[in-house]
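What follows is the residue order along each chain.
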Amino acid sequence: MFWRRRSEADFSEELKAHLQLEIDRLLAEGRDEDQAYRSARRNLGNLQGANERFYEANRLVWLEQFWNDVRHAIRRLRKAPVFAISTVLTIALGIGATTSIFTLVHAVVFRSLAVRNPNELYRAGKKTHCCEWGGITQSEEFSIFSTDLYRYLRDHTNGFSELAGFQAGEAFLGVKRHDTREPAKSEAGEFVSGNYFAMFGVNAFAGRTLIPGDYKDGASPVAVMSYRTWQVNYGLDPAVIGGIFNINLKPFTIVGITPPSFFGDSLRQVPPDFFIPIADEPLVQGDSSISRRPDAHWLDLIGRLQPGARASEVEAHMRVVLHQWMQSHAGDMSANERAEIPKQMLYLSPGGAGITSMREQYEHWLNILMTVSSFVLLIVCANVANLMLVRGMEQRQQTSLSMALGARSMRLVRQALTECVLLSLLGGLGGVAVAFGGTRLILHYAFNELPGFGSIPISAAPSIPVLLFAFAVSLITGIVFGIAPAWMATRVDPIEALRGANRSTKRAGSLPRKVFVILQAALALVLLSASGLLTATLRKLENQDFGFQVERRMVLSIDPLLAGYRAEQLTGLYRRLRASLGGIPGVSSVALALYSPQSGDNWNEGIRVDGHPAPGPNEDILSTWDRVTPGFFETIGNPILRGRPITEADTATSRRVAVINQAFAKRFFKGEDPIGKHFGRFAFGPREFEVAGIAKDARILPYELEKPIKPFFFAAESQSSVFPKAEDTFSDLRSHFLHNIVVLMKPGAVLTEAAARHAVAAVDPDLPLNLMLSMDEQVAGVFVQQRLIARLTSLFGVLALLLASIGLYGVTSYNAGSRTMEIGVRMALGANRGNVLTLILRGAFALIGIGLLVGLPLAVSAGWVLGNQLYGINPHDPMVIGIAIATLGFSGFVAALVPALRATSVSPIQALRTE
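Parameters and conventions
- Residues numbered from 1 in each chain as written.
- Predicted model: local features only at pLDDT ≥ 70, side-chain atom pairs only at ≥ 80, totals over all residues.
- Heavy atoms only, no water.
- Helix = DSSP H or I, 4+ residues; strand = E, 2+ residues; numbered from the N terminus.
- Buried < 20%, exposed > 50% of the residue type's maximum accessible area, 1.4 Å probe, protein only.
- Areas by Shrake-Rupley, 256 points an atom, 1.4 Å probe, with all protein chains shown as cover.
- Axes fitted to C-alpha atoms, helices over the stretch in contact; angles between N-to-C directions.
- Parallel < 35°, antiparallel > 145°, perpendicular 65-115°, else oblique.
- Left-handed = near helix turned anticlockwise from the far one by under 90°.
- Contact = heavy atoms within 4.5 Å.
- Nonpolar A, V, L, I, M, F, W, Y, C, P; charged D, E, K, R; others polar.
- Arc of directions from axis to C-beta.
- Salt bridge = Lys/Arg side-chain N within 4 Å of Asp/Glu carboxyl O.
- Phe/Tyr/Trp six-rings, centres within 6.5 Å; stacked < 30°, edge-to-face > 60°.
- Lys NZ or Arg CZ within 6 Å of the ring centre and 35° of its normal.
- Polar contact = N/O pair within 3.5 Å; in protein donor to acceptor, adjacent residues only side chain to side chain.
- Patch = residues over 30% accessible without salt bridge, like charges linked within 9 Å, V, L, I, M, F, W, Y side chains within 5 Å.
- Expected span 1.5 Å × (residues − 1).

K.L.:
Please provide a residue-by-residue account of the overall build of the protein chain, values included.
P.N.:
Tallying secondary structure elements over the protein chain gives 29 helices and 24 strands in all. Buried residues in the protein chain amount to 51% of all 915 residues. For the protein chain, the computed accessible surface area is about 41600 Å², with 57% contributed by carbon and sulfur atoms.

In structure tokens form, the structure reads like this:
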């Protein structure tokens, strides 16, 4: 019928029956009762062993032993609450710091998009570009595409079940509900192809997503809203679905809401609020539309491979199709561009994580932080291992007694390891809580510290991979810091249990404890010197001479396209904005620019100088440029060194002028006086602009701050150029849509956001104010990454210093306690308190000194690794390393002084009685 496991009692009774049968047989042979019993026991063998084997055969012995070890470890830890709590908190700090950084690493580097089968997705290109690439050809590889090229690749490439295109970067839109008087709000938008959601396998949370029919020219304008925008801005109002919204003054029907987990095709600081068909880009962008220009590359591409298709074969086919398309546009290309056609390359790369621009931006820094947090974790391991060693030494006599009574060494090792792992797992649970708070803090400093940053889709809540990481780190940490104490548990002599005293055990285990302290000191020195270098770099970057002033300046961000302005209306709009904002009490001056200093973008052009020979093929002729209104240089505090700035006299009918910087004059007018000379953008010719003035070199661009300032020129907003080619004229028209307003306040005056919005709305209520911040905040935003890394590295450095000091304190205190009798003898023989203090401190500083010797080359190596990230700082700066050494030395002195002073206060009589 059914098999039933026999009980131990049944088996024992059966053994007894066999024993009795054997006794009866021997008695029948004439043996006496005592002989029969002994012979029967001898014939049947070890009955107790048989019982034990039966017991083990019917149980998971290892599990039961493990559970017994856990119960025993819990009982031992309950008897030492101070030790257990301090150990768990120490581990929680180390694991929490490491897990918080891993949370960011996982979200930015490893996390896939929340879409169907992300492993089937491949993107065209390895590099990322924002936001537009002009010209038919591209250097190195094709990774950004025009609308025309996207359609050609989609229709002629085999191997993709879907190939979708979407805007590289984001477009800010002026959005408001139809038939309402509320002012337009600035929202982030993205233009996507009709198969965008189908390619990702994303269904609408409500309503529907975009379909290929929405992509066709002439289709009714529709858009899809993100769930976050629906929730935050419209309170999950169901009337939004099917409702009409004015986007850049054009009516759009909201046909659906994206799922809550879908944040778009890439991890961005400002996720899209609205997804709009590419076909509606001309309707939304007006004069700045680029979707119909074959030489305006502005789309990223991601496709889903067909079942059985191989990425390498599809990649080879796409290269052929790319060259076919380029040959069809050879007539629109210059001779140099046509010569580049055979060199054009296209690669496919995994697209499951989407467009990885933020990964490229943050990956290096996150790797540095992961290394730093790993150092902290090593220090934690060394510190806890020291605590466990001291605990093992204190229980050495008990361990000796256990071995004298027959305990096996392996069982003692297992028990010690169980206690270590249990402490580590408890610390890991606390570390998850620390990681949650730490991640939220890092996200705040990294992405939300400045106004204008969107709700980045990174959650501080621990995900399954993060929890698994925390568990794995906890388990490994427990094993790492438990190996030495477990090994020490077996290095005892059972005879010590019989001595009744512990004189022979006091110095046991001192070498491992000293090694751990040396390791902590060395790693702490590395972290302190690294944090010092990064902090010095940050201060150097923030305190450099930018060439303009930041005090009392405010920056307002607008986009005339959002209110439907055309190019010919812009000069009048800017004049009215300057007058309206200038009328606010406390405003000193107002100026507009295409991009204000450190705002984050720029335009580049090749330069021709009148009277100079044509540049060679490898000659650097690029210059960055900006369009500005009168008063710009005075408002930003950028002095004119020679000539004059852009003024009200520079109108559409006057001669076209430009102000150049010193680097421009040095690069293009070597040994000449540039004032009155002519130059032009390469597409127009060498007499486009007359140099009216030379401005002091200023760091207008927010990158390459470690390099010399590049050539830069400023053109008047009111003046336009007529280009030989229509596409060049179109590009020039787009440059008149200025984005930034700089406001200079009088001393003591403050510009409120309400006053600024009112002044802008007085000019045009449909023109949204996208952003308002001080120039200080705008410049500070450039250094968000560097500030985050410097802060976190400094925090880890302080934590490492604290842990190393605690470790030194523990070892010094234990050593001083173990030498109580020796100290008593010395003092009885005439040694004073100063001699004892020197004795204890000498031993502590010997450990610190060795740690510094070990850590110094590591600190130098850390500076070498950080070399590319240091601006104006010597990677091996002796001042920084010297301060780190002094800080570690002083901290070690304080940590050792307390137990040393306590040791000197012991009475010699009391010391002699301790043993």
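After presenting the structure, the write-up continues.
K.L.:
Explain the packing of helix α27 (residues 833–865) against helix α28 (residues 878–904) to me, and be specific about the residues and the numbers.
P.N.:
Put simply, α27 and α28 touch, their axes get as near as 9 Å, and they point 155 degrees apart. Taken together, α27 and α28 sit at an angle that is classed as roughly antiparallel. Remark: the crossing between α27 and α28 carries right-handed chirality. Where α27 approaches α28, its residues R833, V836, L837, I840, L841, A844, F845, I848, L852, L856 and V860 are matched on the opposing element by I881, I885, L888, G889, G892, F893, A896, L897, A900, L901, A903 and T904. Looking at side-chain class alone, the contact of α27 with α28 contains 19 nonpolar, 3 polar and 1 charged residues.

K.L.:
Tell me about helix α6 (residues 147–156), and please be specific about residues and values.
P.N.:
Of the residues making up α6, those classed as buried are T147, L149, Y150 and L153. Burial along α6 is one-sided: seen end-on, the buried residues are contained in an arc of 160 degrees. On the buried face of α6, the contacting elements are β3 (160–167), α8 (212–215), β11 (296–297), β12 (299–305) and α11 (311–328).

K.L.:
So what's going on with the pattern of salt bridges? Which residues, and what values?
P.N.:
Throughout the structure, instances matching the rule amount to 27 salt bridges. Note that K696 and D545 form a salt bridge whose closest N and O atoms lie 3.0 Å from each other. Linking K696 in the loop between β21 (689–695) and β22 (712–716) with D545 in the loop between α18 (510–542) and β14 (553–557), this pair joins segments that are 151 residues apart in sequence. By relative accessible area, K696 is classed as partly exposed at 28%. Close ionic contact of E568 with R566 constitutes a salt bridge, the shortest N to O distance being 3.4 Å. For R566, a relative accessible area of 45% gives the class partly exposed. Three or more residues joined by partner-sharing salt bridges are found here, namely E704, K707 and K710.

K.L.:
Describe the packing of aromatic side chains, listing the residues and the values that go with them.
P.N.:
As enumerated under the stated definition, the model contains 33 aromatic pairs in all. Taking 6.3 Å as the distance between ring centres and 35 degrees as the angle between the ring planes, the aromatic pair formed by F664 and F669 counts as tilted. Each of the two residues, F664 as well as F669, counts as buried. Feature note: the residues W603, W625, F664, F668, F669, F679, F689 and F713 constitute an aromatic cluster, connected by ring pairs. Between the NZ or CZ atom of R667 and the centre of the ring of F668, over which it lies, the distance is 4.8 Å. Across from the ring centre of W625, 4.6 Å away, lies the NZ or CZ of R681, which sits over that ring.

K.L.:
Talk me through the side chain of R699; I want residue IDs and the actual numbers.
P.N.:
Assignment of secondary structure puts R699 in the loop between β21 and β22. Classification of R699 by relative accessible area gives buried; the value is 12%. A distance of 3.0 Å separates a polar atom in the side chain of R699 from a polar atom in the side chain of Q544. With residues up to four places along the chain from it excluded, the contact list for R699 reads Q544, F546, F548, Q598, E704, L705, K707, P708, I709 and Y871.

K.L.:
Summarise a nonpolar patch on the surface; cite the residues concerned and give the values.
P.N.:
A contiguous nonpolar surface patch, about 350 Å² in accessible area, is contributed by F471, L475, I479 and I483. With respect to the helices and strands, the residue I483 is situated in helix α16 (residues 464–489).

K.L.:
I'd love a proper account of α11, names of residues and values included.
P.N.:
Given a rise of 1.5 Å per residue, 18 residues ought to cover 26 Å, and the 26 Å separating the end C-alpha atoms of α11 matches this to within 8%. Those residues of α11 not exposed but buried are A311, V314, E315, M318, V321, L322, W325 and M326. Looking down the long axis of α11, one finds its buried residues gathered within 140 degrees of arc, a one-sided arrangement. Elements that come into contact with the buried residues of α11 comprise β1 (121–124), α6, β3, β11, β12 and β13 (348–350).

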